[in-house]
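Survey of secondary and tertiary structure
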Amino acid sequence: MPQLLTLEPTSKLIKFPSAVSYHLGHKTGFENHEFDGSADFGMVSEDGCVGVLSKGCSLDVIYLDTNERLSAWTFTSQSDQEPEISCYLTFSEKPGARATHVIAGLNCGLDGGQLCVLDIASSKVIRCISLPYPVTSLALVSSCGGPSSAGYLHPALRYFHGIVSVGLTQGRLFLVDLALDETFCSTDSSPAGAVFVDPLSREVPRYRREALNRGNHVVIDLSCDLRGPVFVWEQAPTGPTSSPSSMKEVQFPADEVKITALHYSSFNASLAVGYNIGTWKLISLQSLQIDHSSNYLRNDKPVSHISFQEPENDPRNYVYYWIVRSDREEDTESLAVAAMYSLTYRNKQSELIGDEEMPLYTDLERLVLRFEHVLGGEEETNFSWCVGMYTLELAAGHVNHDSSDVEHSKDYALNVIFWKAGSSLTSAATYLGVFDINAWYQAQMPSTFSVDESDELCSYFSHSLLDDPNGQSGGILDLAVLRDSVTRFSGSGPILEQHCFPSSLTFDLVVVAREGYLTASHLGIQRRVLTELACRPSALVQPSQLYQICLMAGLAQGNMMEPSLLSQRELLLNIALEYNMVGLVVAAVRDWADGKYSKAGCTLKFIMDWAWKRVAAIKERLDIATTPLFDLTIREADDSCCQLLCQLSGQLAQLVSILAAVSAAAGVVTQVGLEQLECRQNVTGLVLLYTQAVGWFVNRGLLPEQPEGRSNPYPVRFLTDSYRERRRNMGKLTRSFGKPCLLVDLLCEDFGDDLIRCFQKCGGAGDYPPPSLHALLSVFLSDNPAPAKLRLVQYMFLDLAQILDQDEWGDLIDNLIKFPSAFSLPPSIIKLTQAFWLLDHEDWEESVAMMLDPLLQEDDLSPDHHRAILTALLAQGQDALALKYSRIRRPPILDQRDVQLQISVLLQNGAIQEAYTFQRSQQGSSGRPELLQQFYQRAEQLKKLDSVLKLSLSKAEEDQLVRFLQESKKPHSQDILLMYYLQRSRYTEAMQLNEKLKTLGGGQKAAARDAIMDRYCSILPSLNRGYVTLKKKGQAPPPPRPEPVNIVPTDMNMSLGSRARTLVQGLETPPQSLPSQTPFRKKGGRRRDIGLFAEEETYTGKRKLSDIPTLSFPTEVTAEETLNAPTNELVSPPSKRTRMSDLSSLSMSARGPNRIHSTLTGDALHILETPTIVRKSISRTREGSRDSINTPHSILKVKKLIQENSPSLEPAASPSDEFMTTNRSRETTPTKSLRFKVPKKLPPADTNVMPMPSGEAHTTIFSPSLVSPVAELATSSDREISFQVPAHRVDQDEFKRMKVRSVSESSKVSSEENESFHSVSGSPRDGLSPTLRTRLADVERKAKAVLQETMEDILTRETSIRCDDKEDVTETEVEKQPEPTDEVKKAPEAEDK
């Protein structure tokens, strides 16, 4: 593998503006077609924003970001000879800012030279200093002066404001004061003079002031090597007998010597000076003395470039200088050489330069040549010359340097060299080298390097090739690496050694050529290989070459001995997966689908098997990485854990796409192969969702799990006790309408046995809430629809939002509410889950309003949901809300349970006629007597049979009613039968029934019946005689009933009707009104009739609230109609954008895909298993038990969060409000129930409770069920399973503060501060004091006496049929237990009465 990389141009050559070309080439002439507008010299500022071009005496400044000409100037001299720009540099008065000035050195021939400062903003020369010799090189020492200058400089230099070191011919070196603190200007037409001062003089300030007053500048001459017309180079002799006192001198004609390179470094306050004779020296600006002079070698080339490097964390005081010896382009005859010297200093201290603290090396001890490199080319090279060299000043972290503890934020480890080389001048190419001195240290500091010495990457020196943009030699003038773009390669796996090589760096650069400029990029060896792999899917067929390159670049680890082609392909596929090149694999799938590479082993089955292996490997890695998150061993997850979860999640998302591509490209496959592919797709999707959920929990601070205490945001014991109490209270409710349950238990039912197994595996009972966050996350691996899992998590987060303290967990609560949106859960399901939570927490009105929101889709509510909602509302006394829900939502009628529940809803709200009409509509033309029988049974259970007698029943219905009442065993039904006989004038049957009921007794009811029958006997004499006869002779067979006369009316346009039909017709929608339309049906039409001739009525206008009928009947929807309904009838609302990575393959339907248990193989089941978590013993002190948790905030806090984060359509008015004539709020409902709350603060466990003496009677505190959420709810008749206390000690102090919640000690909470929990005993008065209980008993006794007298008076006076109803109402009022607080308030009123 050749080590030479290619710099990739990212833009075409951008020509300079025409004004620049005209300005640079105007001296060449236009008439003879010899116009040349290209630049001879050019440079780029360090930040890559400003480019400077020159040709002859013309200079232009360009802003490279926009190719805008910023400034231009043509220099002149006082004589006829035209000056020539020999060198220039840019600087800014503020460190780090964009270049604001250009300093140019001029060669004016016999007139000497000039030093000019061009202000870029004003395009004007503000300083021009005439010097006695031509200028050859420049270096900026300081752009400021006075108090802002470095304090370690020579005292004479501290008075200068803007110091420039100027190299001239004859080897002369000046330090020039630019006097930037002065306002005067000097131009090239009237230049300022130079006044030389002695740096050792104490009168430097005065000399400077006098010179400035005369318009001159102060200059310090550091040229100590001149002796008349001779330049003398002094060097220390070499050899074993040499001594510092014996100096060797080499003399040169002064006119042949010039300074060719200057470099100033603030790290050692030294100025490095390079000469055209190949020597260089180091001058300290602290003392203005020479620290080092190099030896002269006859064959050395001129020193063209100098740079400085500082290593990182070197315990010794070492710095390094790069010296490049190279000819100019037109004079080159051989190869250029770059040498690196190490300088050892005795001291290292900290100095403040401006606002930055920098190290300062002093007292040079030794200088040694450490590394040397010949600047050659790729092929046979005869010529080379250096174009530029500099050190990248990169931002870095604070670095500690041995004993001095100096910290600075700059990194000077990378040195950039670019040169041109080739077999001839016309074929020279441009090369870029980057030397990393820190990597050179790790490579044991070799002394030389050759590109051809090995095929392995060099760990410290990288070489890159940049083609000449205009195709001619010497086209490139300068380039600059953009410092902010330099980044190191970061692989997806562990950091390998190759990732730290300079060849792995990525950076952008700006290249300035003679006619324009361009941008290029250095991708680094790894990114270059990845790019090549992505562009060559065919490389997977013959992977050997790329396999070797990937191993060498450190993209993967493997055997270099070339294993089988299958192993090589798998390694390349792994690399593609790790670096998000899913397009490569998908392209290979499409390319291999036709089987043309099957003989080489490139088949779809190979890709599918590889993907399945990766899923198993990722899941294993995930289990290992996430185990510490659940076993209580760590307090906080580090960044590497979060990055790993994100990386694995991305790989799984790509595997889902790959398997989908395999499924789409697969042709004819067997049934077994199809099931296997579907199974692997589903399992991969499950693992993806699980990984994303774990990552979300970690990023939001829910993981790692913590011991129970203040630091744990998930109080599992607290929630378990609360829901156990709630289920026990639900079990005590009436079951006349079905078994009520919490809707969260219904959500758990969607998981089946998977949820119970996951919760029990983690130590739970198998019901909600989960025993740990690990148990909750394990549910994500069950083969259930994704929305079901997300809804369960959303429900639990609503619980946490209510319990957690807003001040302590405010950010977490905000994130919990946003969880469903982060996983792209549809808005309909989000609102439905929130409604379920509100219903379970007894906020019935808000819950029903949310479930009736038009945003909810009809398919998201299953028949079981409808039944559970209506049952819960009816069981908790919310009859009006149940009717409202039924009328607007219109639950489908699928079986007998739905019919009975609908009848119960109507009967509970007194809609007897509507219930009767509904059951008749459900019978159909054939008639279903069992449905009528169920109607009678529900009416009997709800004690509404008296209202049934008012209905217009047919003969068959009356006969069935009579049979039902006769077969009933309830006394109330027999009373209704008696009323029926009397209403139908069947007095004989009434008399017989009354005699039968007398034998059964009945107390006051029997007396009332006798009074009624006696009254009838007194009114009807014939009946009285028969009644007396029956009394004497006993029961006789009833006489035959007379047959009614059949009358056939003639056709006189008579219409027969009934009052019930008239009411029904009156309640129907008038013909001129618009049809009623629910927000869950298609806007285009609605069903008008039921049957074979159903019509569609189209209506495209908006629905008005006034057009909605106040009474409507539910429509039966059969299972066949549901299955045959078109799938596009409902339009889903637009969902939020996907927040997690690639959830497109996961179905968000509430019903979800079919279960895959039947196709799961052993390896699939192994992947879907989670490791058993063994929680470590916690040695650290627990911060406090959750028993000390504060009382939860009101449910209003969660309602506010729901309103802020839930999607809504925001209608002008809710259409559901028009259906109900009365709107009772929860606070004004007479049958107000206790709200499901959880206490904020639990007292610590009391270990000093007195033991119970033996032999005392015990009272059972509670009897919850611990089996599963779908198990039988605990009732008073269930088996009592918890602890017991002596009955007479319940009211003692140690038991008064106990609540019915849990067996654990945490169940002992205060009842005085929270009215939501019941007291210990079965009656509320047990919590009262003895005095108050005595007073309450007296009030109750007096009230019963008054009620008894009123009842007897009514029974004797009333003869109407309503007396039975009055009696039932009275009995109901007597049986009800009033609240203790209500009885205490009503006690004075009862006594007065």
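You'll find the structure just up there.
As for the overall build of the protein
Within the protein, the regular secondary structure consists of 38 helices and 40 strands. Of all 1393 residues assigned to the protein, the portion counted as buried reaches 50%. Restricting to contacts in the protein with at least 6 residues of sequence separation, those with at least 24 account for 67%. Approximately 65900 Å² of the protein is accessible, and the part contributed by carbon and sulfur atoms is 50%.

Notes on the nonpolar core
Core analysis: the biggest nonpolar cluster contains 196 residues, and Ile575, Ile607, Phe697, Phe797 and Phe935 have the highest contact counts within it. Per-element accounting of this core gives the leading share, 13 residues, to helix α10 (residues 671-699). When neighbours within four sequence positions are excluded, phenylalanine 935 is seen to be in contact with Ile903, Leu907, Ala915, Tyr916, Gln919, Val948 and Leu951. By size, the runner-up hydrophobic cluster in this structure holds 36 residues, among which are Leu157, Leu271, Leu285 and Leu288.

Side note on the sheet that holds strand β13 (residues 161-168)
One open sheet holds the five strands; their spatial order is β12-β13-β14-β16-β15, and the pairing between them is mixed. The strands lining the two open edges of the sheet, one partner per strand, are β12 (135-145) and β15 (194-196). Neighbour to neighbour, the strand axes of the sheet diverge by 25 degrees on average, direction disregarded. When β12 meets β13, the two strands line up antiparallel, connected through seven bridges.

Examining helix α15 (residues 786-803)
Its 18 residues place the ends of α15 26 Å apart at the C-alpha level, agreeing with the 26 Å of an ideal helix rising 1.5 Å per residue. For α15, the buried fraction is high: 18 of the 18 residues fall into the buried class.

Here's the deal with the pattern of salt bridges
Between side chains of opposite charge, pairing is possible as soon as their charged atoms come close. Under the counting rule described, the total for this entry stands at 47 salt bridges. In this structure, aspartate 745 engages arginine 727 in a salt bridge whose closest nitrogen and oxygen atoms are separated by 2.8 Å. Of this pair, aspartate 745 sits in helix α12 (residues 743-749) while arginine 727 sits in helix α11 (residues 716-731); the two residues are 18 residues apart in sequence, bridging distant segments of the chain. On the basis of relative accessible area, arginine 727 is assigned to the buried category, the value being 8%. Between aspartate 898 and arginine 867 there is a salt bridge; the shortest N-O distance is 2.6 Å. Placement of aspartate 898 in helix α22 (residues 896-908) and of arginine 867 in helix α20 (residues 863-875) is noted, with a sequence separation of 31 residues between them. The exposure classification of aspartate 898 matches that of arginine 867, with both residues buried.

A few points about the packing of helix α8 (residues 604-630) against helix α9 (residues 639-665)
Running from N to C, α8 and α9 cross one another at 160 degrees; their axes reach a closest spacing of 10 Å. As judged from the angle between their axes, α8 and α9 are roughly antiparallel. In terms of crossing hand, the pair formed by α8 and α9 is left-handed. Tallied by class, residues from the contact of α8 with α9 come to 20 nonpolar, three polar and two charged.

What to know about the side chain of threonine 344
Here threonine 344 shows up in strand β26 (residues 336-353). Looking at threonine 344, the relative accessible area reads 11%, which means it is buried. Here threonine 344 is in contact with Asn317, Tyr318, Asp363, Leu364, Glu365 and Arg366, once residues within four sequence places are set aside.

As for the environment of glutamine 960
Among the structural elements, glutamine 960 can be located in helix α26 (residues 955-967). Classification of glutamine 960 as buried rests on a relative accessible area of 9%. In the structure, glutamine 960 is positioned 28 residues away from leucine 932 in sequence and 8.2 Å away in space, judged by C-alpha atoms. If sequence neighbours within four positions are ignored, glutamine 960 has contacts with Pro929, Leu932, Gln933 and Tyr936.

Remarks on the sheet that holds β26
Strand order in the open sheet formed by four strands is β24-β25-β26-β27, with antiparallel pairing between adjacent strands. One side of each edge strand has no neighbouring strand; the edge strands of this open sheet are β24 (303-309) and β27 (356-375). Neighbouring strand axes in the sheet, compared pairwise and without regard to direction, differ in orientation by 20 degrees on average. Note that β24 and strand β25 (residues 318-325) share six bridges and pair antiparallel. Looking across to β25, one finds that glutamine 309 is bridged to tyrosine 320.

Here's the deal with the pairing of strand β21 (residues 270-275)
Summarising burial for β21: six of the six residues are buried, a large majority. For strand β20 (residues 259-265) and β21, the ladder comprises six bridges, and the chain directions are antiparallel. If you follow isoleucine 259 over to β21, its bridge partner there is tyrosine 275. Counting the residues in the hairpin turn of β20 and β21 gives four residues, including alanine 269, whose phi is positive at 50 degrees. In terms of strand pairing, β21 meets strand β22 (residues 280-284) through five bridges, oriented antiparallel. Within the sheet, the bridge partner assigned to glycine 274 lies in β22 and is tryptophan 280. Linking β21 back to β22 in an antiparallel pair, the connection comprises four residues, with glycine 278 at a positive phi of about 90 degrees.

Brief notes about the packing of aromatic side chains
This model, assessed by the stated rule, comprises 40 aromatic pairs. Aromatic pair tryptophan 419 and tyrosine 431: ring centres 6.0 Å apart, planes at 20 degrees, arrangement stacked. Here the residue tryptophan 419 occupies a position in strand β31 (residues 414-422), and tyrosine 431 occupies one in strand β32 (residues 429-436), the gap between them amounting to 12 residues. Across this residue pair, the class does not change: tryptophan 419 and tyrosine 431 are buried. Between tyrosine 916 and phenylalanine 935 the ring centres are 6.3 Å apart and the planes differ by 55 degrees, which places this aromatic pair in the tilted class. A residue pair is termed long-range when its members are at least 10 positions apart, and tyrosine 916 in helix α23 (residues 912-923) and phenylalanine 935 in helix α24 (residues 929-941) qualify at 19 residues. The pair formed by tyrosine 916 and phenylalanine 935 is uniform in burial state, with each residue classed as buried.

Points about the environment of glutamine 498
Looking at where glutamine 498 falls in the secondary structure, it is placed in the loop between β34 (476-481) and β35 (507-513). Here the alpha-carbon distance between glutamine 498 and serine 459, two residues 39 residues apart in the chain, equals 7.2 Å. Aside from chain neighbours lying at most four places away, what touches glutamine 498 is Ser504, Gln526, Leu551, Met552, Ala553 and Gly554.

Section: the packing of helix α27 (residues 971-983) against helix α29 (residues 1004-1019)
For the pair α27 and α29, interaxial distance at closest approach is 12 Å and the crossing angle is 10 degrees. Viewed along their axes, α27 and α29 adopt a mutual orientation that is roughly parallel. Contacts between α27 and α29 involve Asp975, Leu978 and Leu982 from the first element and Lys1005, Arg1009, Ile1012, Met1013 and Tyr1016 from the second.

Topic: unusual backbone geometry
Backbone torsion omega between leucine 703 and proline 704 reads 0 degrees, so that peptide bond is classified as cis. Following the sequence through the fold, proline 704 ends up in the loop between α10 and α11. Between tyrosine 768 and proline 769 the backbone carries a cis peptide bond, its omega angle lying at 5 degrees. By secondary structure assignment, the location of proline 769 is in the loop between α13 (753-761) and α14 (773-778). Phi angles above zero are rare outside glycine, and asparagine 580 is one such case at about 60 degrees. On the secondary structure map, asparagine 580 appears in the loop between α6 (565-578) and α7 (582-592).

Conventions used here
- Residues numbered from 1 in each chain as written.
- Predicted model: local features only at pLDDT ≥ 70, side-chain atom pairs only at ≥ 80, totals over all residues.
- Heavy atoms only, no water.
- Helix = DSSP H or I, 4+ residues; strand = E, 2+ residues; numbered from the N terminus.
- Buried < 20%, exposed > 50% of the residue type's maximum accessible area, 1.4 Å probe, protein only.
- Contact = heavy atoms within 4.5 Å.
- Areas by Shrake-Rupley, 256 points an atom, 1.4 Å probe, with all protein chains shown as cover.
- Core = buried A, V, L, I, M, F, W, Y, C linked by side-chain atoms within 4.5 Å.
- Pairing = 2+ DSSP bridges.
- Axes fitted to C-alpha atoms, helices over the stretch in contact; angles between N-to-C directions.
- Expected span 1.5 Å × (residues − 1).
- Salt bridge = Lys/Arg side-chain N within 4 Å of Asp/Glu carboxyl O.
- Parallel < 35°, antiparallel > 145°, perpendicular 65-115°, else oblique.
- Left-handed = near helix turned anticlockwise from the far one by under 90°.
- Nonpolar A, V, L, I, M, F, W, Y, C, P; charged D, E, K, R; others polar.
- Phe/Tyr/Trp six-rings, centres within 6.5 Å; stacked < 30°, edge-to-face > 60°.

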